[in-house]
There are 2 protein chains.
Amino acid sequence: MKRQSLPGFAAPSIDRADHVRTDPAAIARAFAHPEAARLVLRGLDPVLWGDMLEREPLPAGARMDDYVLLGLEGAEAPLFVQLSADIPHGVTQSQGVWDAADVLRAEELALYGGARSLLDWHARHGFCAVCGTPTVPAKAGWSRHCGQCGAEHFPRVDPVTIMLAECEGEILLGRQHRWPQGRYSALAGFIEPGETVEGAVARELFEEAGVVATDVRYVMSQPWPFPSSLMIACIAQVPDKRLKLDATEIEDAFWIDAAGVRTAFEGSPDARFLFPREMTVAHHLLLHWLTEQEA
Amino acid sequence: MKRQSLPGFAAPSIDRADHVRTDPAAIARAFAHPEAARLVLRGLDPVLWGDMLEREPLPAGARMDDYVLLGLEGAEAPLFVQLSADIPHGVTQSQGVWDAADVLRAEELALYGGARSLLDWHARHGFCAVCGTPTVPAKAGWSRHCGQCGAEHFPRVDPVTIMLAECEGEILLGRQHRWPQGRYSALAGFIEPGETVEGAVARELFEEAGVVATDVRYVMSQPWPFPSSLMIACIAQVPDKRLKLDATEIEDAFWIDAAGVRTAFEGSPDARFLFPREMTVAHHLLLHWLTEQEA
C-alpha cells in the first residue's frame, strides 16, 4: 500500500488556469487545442490507465457548453471533463472510487476529486435557486448563469470540521450507527452560517459528546468529493472527560491513549477499533496526533 | 473604540439548539414559548438597543414557516428572526452594519452575522436547484425542502482563504481597484472544489501576485456575512519576492516590514497604507503577524 503524507484528494494537482475561464476567446482556443483531452469516466467513477486517470481526445462535434475546463497540464494541454445528466440522484461514494484510490497517484486522485465535485454540482444545479429558471454553464464550467434574472451561481464547497477531543493524553473516538462494525473515528459536522472553525468544533463536541472544548487548534484540510466537502481537521483541548452522547448521532464513543491508537493503526487483532482508511483525513489526523505523542 | 481579540462576527454567541430543529414538536413548543422573541431588523440591517440587538415578542398570528430559530438564550428563551421577501437583490454590505459593528457587543454582532447569512440565503434560494420548483423552509429555517423532487437544500457557507505572504521579515499587501484610496490588505480568494486550504492559498498567491508559497500555516477564521463566507486566514512562506501582479484583480501590491505595519496600525500620517478595519479578519491577521515579529 502506498504511504502518503497527505490524505486522499489533497495533493496539489493541475494548473487550474483561472485566467482562461473569464476569457471567451481563451476558452475557445483551449477547446480547439490539438492536444485537448477529456477524462474518461464510468458514470461518476474514474477509469484508470495504470496509476493514472484515463484521458482521451475530445470527440468530433464536442460542444464547449457540455464540458468543464479542469486546467492545463504538461505543455499547457487543456484537460476537460464532460458534464452528464445521467448522474444518479443522491450518489455519495462507491466501491469504484475506493478501489481507484488505492491505485491512483496522489495528484491524479486529487484531480478526480475536483472533477467529480464539479460534475455532481452541475447535475444538481440545473435551475436557478433565485427564480426557478433553467441555467446554463458559464466560465468554462466554473459557474452557471441564469438568463432570466441574471444570477450567477458558483459551485458549492461545504466546510466541515472533524476533530479529536484531547484530555490527559487520550483522545475521543466515536462511531455512527451506519458504520461498518468496529470502525471508530473523529467526530465531525458541517460548519454553519455565522460560525468560526473553532466555534463549530466546540459546538459539535458539545452536541455529540457533551464535552466542553477550551482550546482548538487547526491541523490540516482535505477536499472530500462526496459531494463537495472541505474537511477541516482540528484537535480540541477538553478539561473534563465525562461524556453525554447524542444517541441519534453517535452510537458509541470512548477515550483512548496513544498505545491504543498505535495498536489499531498497526492492524493488530487486539486493537480496540478499526483504524480509518488511509484516504480519509481522520486517518492522517490520528497519525498526526500519534506522532506528537511519540515525539 | 472597543478592542477585541477576535474579528467581527467571530465571537461565540447563542446556543444554536440543533436538537430542536429536527423535532417538529420541539419547534412548536419553542414558537409558542411565552418568552419567544424575534430580532428587529430594518431590511437586512440591525436595529440596536444600546450595545445589544433589539428584540421584540413574536407578533400575534406569526407563522413558524416565516421564521428561523436562531437558538436559545438566557433561561432557554427561543430567539427567532423573520424571513423576508423584501431583501434587495445583490446587497452586500451597508453603512448600517459598519456603524452597528462599532457599537454592538461581540456576541451580538456574531448573532447578527449568522442571522443575516440565513436571511440572505432564504431570499435567494426560493427554488429547487435540482428541478426548479418552489421550495419551503424546513427544520426551523435551517434547510429548504422541495416537495416535487424531495431534495433538501442547506444554507451555503463559502470558504475563502485570506493570506499574508511572508519573506525575509516582510509581508505582501495588495489592493483591489474598487477599494477606498490608500487601503491595502491581505490577498484573498474563494476555495474551489477539489482544493485544500493550503492549496487554495498557494494558487491565489501565484495567480494574483506571481509568488510561490512553500509553506502555509493556518492562523484564524471568521464568518463574514456578505453573504455567507467563512474567511480562513493563513500566513504563507515565500522564498522569492519578485511580483507578477494580475492587473485585473490587483491594482497594486508591495512588501512591507513590521515597522511599516506598526506605523499603519497606529494611524500615523506617515503610514504607507490605511490599515484594514477592526471588524475584518485582515486586521487581526496583520496584528497576529506583528505580535509575532515584535515578540
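The numbering scheme is per chain: residues are counted from 1 as the chain's sequence reads. Each chain is given a letter, starting from A, and each ligand a number, starting from 1, according to the order in which they appear as written. Per-residue local features of the predicted model are confined to residues with pLDDT of at least 70, and side-chain atom pairs are confined, for both listing and counting, to 80 or more; whole-chain, interface and lining totals are unaffected and use all residues. Working from all heavy atoms in the structure, the side-chain values ignore hydrogens and water.

## Details of the overall build of chain A
- Each helix is a run of DSSP H or I of at least 4 residues and each strand a run of E of at least 2, with the numbering of both proceeding from the N terminus. The helix and strand inventory of chain A stands at 7 helices and 17 strands.
- For a compact globule of 295 residues, the expected C-alpha radius of gyration is about 19 Å, and chain A comes in at 21 Å, within 12% of that figure.
- Principal-axis analysis of the C-alpha atoms gives chain A an extent of 60 × 45 × 30 Å.
- Each residue is placed in one exposure class: buried if its accessible area under a 1.4 Å probe, protein chains only, is under 20% of its type's maximum, exposed if it is over 50%, and partly exposed if it falls in between. For chain A, with 295 residues in total, the buried portion stands at 54%.
- Nonlocal contacts in chain A, meaning residues at least 24 apart in sequence, comprise 64% of its contacts between residues at least 6 apart.
- Note on areas: Shrake-Rupley with a 1.4 Å probe; residue coverage comes only from the protein chains shown. Element-wise, carbon and sulfur atoms account for 52% of the exposed surface of chain A, whose accessible area totals about 12,900 Å².
- Charge counting treats Lys and Arg as positive and Asp and Glu as negative, with His and both chain ends excluded. For the purpose of locating charges, the reference atoms are NZ of Lys, CZ of Arg, CG of Asp and CD of Glu. Where the 26 positive side-chain charges of chain A centre and where its 41 negative ones centre are 3 Å apart. Radius of gyration: over C-alpha atoms. The globule rule applied is 2.2 Å multiplied by the number of residues raised to the 0.38 power. Any two residues whose heavy atoms approach within 4.5 Å at even a single point are treated as in contact.

## Brief notes about the interface of chain A and chain B
- With 43 residues of chain A in contact, the opposing surface of chain B contributes 43 residues.
- When chain A packs against chain B, close to 3,700 Å² is buried across both sides, 57% of that on carbon and sulfur atoms.
- Throughout this description, the term salt bridge denotes a Lys or Arg side-chain nitrogen within 4 Å of a carboxyl oxygen of Asp or Glu. Our enumeration of links across chain A and chain B arrives at 6 salt bridges.
- For the salt bridge of Glu192 of chain A with Arg21 of chain B, the shortest nitrogen-to-oxygen distance reads 2.6 Å.
- We call two N or O atoms a polar contact when they sit within 3.5 Å, provided that within protein one can donate a hydrogen and the other can accept it, with sequence-adjacent residues counted only if both atoms are side-chain atoms. Our count for the chain A to chain B interface comes out at 21 residue pairs in polar contact (both at pLDDT 80 or more). By buried area we mean how much accessible surface two parts lose on assembly, using a 1.4 Å probe and totalling the loss over both.

## Looking at the nonpolar core
- Only buried Ala, Val, Leu, Ile, Met, Phe, Trp, Tyr and Cys residues count toward a nonpolar core, and they belong to the same one when joined by side-chain atoms within 4.5 Å. Leu70, Phe80, Leu164 and Leu173 of chain B are the most contacted members of the largest nonpolar core, which totals 66 residues.
- For Leu164 of chain B, the residues in contact, after removing those within four places along its chain, are Ile171, Leu172, Leu173, Ala186, Cys234, Ile235, Ala236, Leu285, Leu286 and Trp289 of chain B.
- Within the second largest apolar cluster, 52 residues are counted, among which are Leu109, Val160, Leu173 and Phe254 of chain A.

## With respect to the sheet that holds strand 6 (residues 55–57) of chain B
Residue and element names in this part refer to chain B.
- In space, the 4 strands of this open sheet follow the order 6-1-8-7, with mixed pairing throughout. Strands with a single pairing partner mark the edges of an open sheet, and in this sheet they are strand 6 and strand 7 (67–73). Shown here is a sheet whose adjacent strand axes are inclined to one another by a mean of 35 degrees, direction ignored.
- Across 3 bridges, strand 1 (residues 37–39) lies against strand 6 in antiparallel orientation. Note: two strands are recorded as paired if DSSP finds a minimum of 2 bridges between them. Each axis is a line fitted through C-alpha atoms, taken for helices only over the stretch in contact, and angles between the N-to-C directions span 0 to 180 degrees.

## A look at the side chain of Ser117 of chain A
- By secondary structure assignment, the location of Ser117 of chain A is in helix 4 (residues 106–123).
- The class for Ser117 of chain A is buried, based on a relative accessible area of 6%.
- Here Pro227 of chain A takes part through its backbone oxygen, which lies 2.7 Å from a polar atom of the side chain of Ser117 of chain A.
- Those residues within four positions of Ser117 of chain A in sequence are excluded, and the remaining contacts are Pro225, Pro227 and Ser228 of chain A together with Pro193 of chain B.

## What about the pattern of salt bridges?
Residues and elements named next belong to chain A.
- As enumerated under the stated definition, the model contains 48 salt bridges over all chains in all.
- Asp65 serves as the salt-bridge partner of Arg63, at 3.9 Å between the closest nitrogen and oxygen.
- With relative accessibility at 47%, the residue Arg63 sits in the partly exposed group.
- Residue Arg217 pairs with Glu166 through a salt bridge whose shortest N-O separation is 3.8 Å.

## Thoughts on the domain arrangement of chain A
All names here are of chain A.
- Annotation of chain A at the domain level lists domain 1 (18–153) and domain 2 (158–294).
- Contacts between the two partners involve 9 residues from domain 1 and, on the opposite side, 7 residues from domain 2.
- Taken together, the two surfaces of domain 1 and domain 2 that pack against each other cover about 770 Å², and 73% of this comes from carbon and sulfur.
- Taken as a group, Gln93, Trp98 and Ser117 account for 52% of the area that domain 1 buries against domain 2, more than any other trio of residues on that side.
- Put simply, domain 1 and domain 2 have 0 salt bridges between them.
- At the boundary of domain 1 and domain 2, one finds 2 residue pairs in polar contact (both at pLDDT 80 or more).
- Those elements that provide at least two residues to the side of domain 1 that touches domain 2 are helix 3 (95–101) and helix 4.
- Looking at which element gives the most residues to the side of domain 1 that touches domain 2, the answer is helix 4, with 4 residues.
- Ten residue types, Ala, Val, Leu, Ile, Met, Phe, Trp, Tyr, Cys and Pro, are classed as nonpolar, four, Asp, Glu, Lys and Arg, as charged, and the remainder, Gly among them, as polar. Class assignment for the residues of the side of domain 1 that touches domain 2 results in 3 nonpolar, 4 polar and 2 charged. Domain delimitation follows an automatic or database domain assignment.

## Side note on the side chain of Thr196 of chain A
- Here Thr196 of chain A is to be found in the loop between strand 14 (187–190) and helix 5 (197–209).
- Within the local environment of Thr196 of chain A, its side chain forms a polar contact with the backbone nitrogen of Gly199 of chain A, the two atoms lying 2.7 Å apart.

## Some details on the environment of Ala129 of chain B
- Position of Ala129 of chain B relative to the elements: it lies in the loop between helix 4 (106–123) and strand 9 (136–138).
- As a C-alpha pair, Ala129 of chain B and His153 of chain B span 24 residues in sequence and 8.6 Å in three-dimensional space.
- Excluding residues within four positions of it along the chain, Ala129 of chain B makes contact with Arg124, His125, Gly126 and Phe127 of chain A together with His153 of chain B.

## Topic: the environment of Leu83 of chain B
Residues and elements named next belong to chain B.
- Here Leu83 shows up in the loop between strand 8 (77–82) and helix 3 (95–101).
- By relative accessible area, Leu83 is classed as buried at 17%.
- Considering only alpha carbons, one finds Leu83 and Gly174, 91 residues apart in sequence, at a separation of 38 Å.
- Dropping the residues within four chain positions of it, Leu83 is found in contact with Asp65, Asp66, Tyr67, Val68, Leu119, His122 and Pro137.

## Let's talk about the packing of helix 6 (residues 258–265) of chain A against helix 7 (residues 281–294) of chain A
Residue and element names in this part refer to chain A.
- The interhelical angle for the contact between helix 6 and helix 7, taken along N-to-C directions, is 130 degrees, at an axis separation of 10 Å. Between helix 6 and helix 7, the angle is such that the two are oblique. The handedness of the crossing between helix 6 and helix 7 is left-handed. The segment helix 6 lies against helix 7, with Ala258, Val261, Arg262 and Phe265 engaging His283, Leu286, Leu287, Trp289, Leu290, Gln293 and Glu294.
- Its residues assigned to classes, the contact of helix 6 with helix 7 shows 7 nonpolar, 2 polar and 2 charged. Should an angle fall under 35 degrees it is called roughly parallel, over 145 degrees roughly antiparallel, and 65 to 115 degrees roughly perpendicular, with every other angle called oblique. In this scheme the crossing of two helices becomes right-handed for a clockwise turn of the near helix relative to the far one and left-handed for an anticlockwise turn of less than a right angle.

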